[in-house]
Each structure stands twice: as structure tokens, then as C-alpha cells.
Amino acid sequence: LSGFFGVGGGFLIVPFLTQLNSISIRNAVATSLVIIAAISSSGFIAHILTQDVEWTQLAVLCLGGIAGMLVGGVLARWIAGVYLQRIFAVTIIAMAGVLIAR
């Protein structure tokens, strides 16, 4: 689905894990990120083996990802699971609006 929709798949994995398997939102998000990392890594390795890589752009992207990860880690300690679910839902709806607008 990641390749078909062009997204990480978290919009399917997280609700599936929380609703059908009674896993906490934090564990579901962590599991989703591991799955997305595996899928992304395989695509990245295939790209490196077959294409030229813009290393400067990659470095900027990595720095942004690391910064987001650090900020998210700090914020996650202060946000309760219910609020995290609501923020996740609003984010998905917002992204759907952006995609529809395109």
C-alpha cells in the first residue's frame, strides 16, 4: 500500500493496531514507524544502487527528520494517549484535504 498510495502506511497500520488488537497508541505508532523504516530503507537502497543521489539534499532531509524526531520525542512525553490519537486524526484529515486540493 505504501507504493500504491505514495504514503508510509501509518494511516492504516495505526488504526488497525489500536482498534483491532487493543495496542496503545504509542506502541502502534512505534510499530508503524518500524514498518515504514523497513519499507523506506529497501527503497532507498534500491535507489542508491540504480541512481545518482543528491547527497546535499539527503543531508538536509536527514537533519530535518532528526530534528522532528527529537522534538516529537519530547512532546510525546507530555501528551496523553487520547490527545495523541486526536492529533493523529486531525493530521490525517488535514493531509487528506491537501491531497484532495492538489
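For clarity, every value in this text was computed on a predicted model and none was experimentally measured. (Residues numbered from 1 in each chain as written. Predicted model: local features only at pLDDT ≥ 70, side-chain atom pairs only at ≥ 80, totals over all residues. Heavy atoms only, no water.)

**Side note on the side chain of Thr18**
The topology assignment puts Thr18 in helix H2 (residues 10–20). Among the polar contacts made by the side chain of Thr18, one reaches the main-chain carbonyl oxygen of Pro15 at a distance of 3.2 Å. Aside from chain neighbours lying at most four places away, what touches Thr18 is Ile23, Ser24, Ile25, Ala28 and Gln85. (Helix = DSSP H or I, 4+ residues; strand = E, 2+ residues; numbered from the N terminus. Polar contact = N/O pair within 3.5 Å; in protein donor to acceptor, adjacent residues only side chain to side chain. Contact = heavy atoms within 4.5 Å.)

**Comments concerning the environment of Ser42**
Mapped onto the elements of the fold, Ser42 is located in helix H3 (residues 25–50). Sequence spacing of Ser42 and Ala59 is 17 residues, and the spatial spacing of their C-alpha atoms is 18 Å.

**Digging into the confidence of the model for the chain**
Averaged over every residue, the pLDDT of the chain is 84; residues scoring 70 or more account for 90%. No element of the chain has a lower mean pLDDT than helix H1 (residues 2–5), which averages 60, and none a higher one than helix H4 (residues 55–76), which averages 90. (pLDDT = per-residue confidence, 0-100.)

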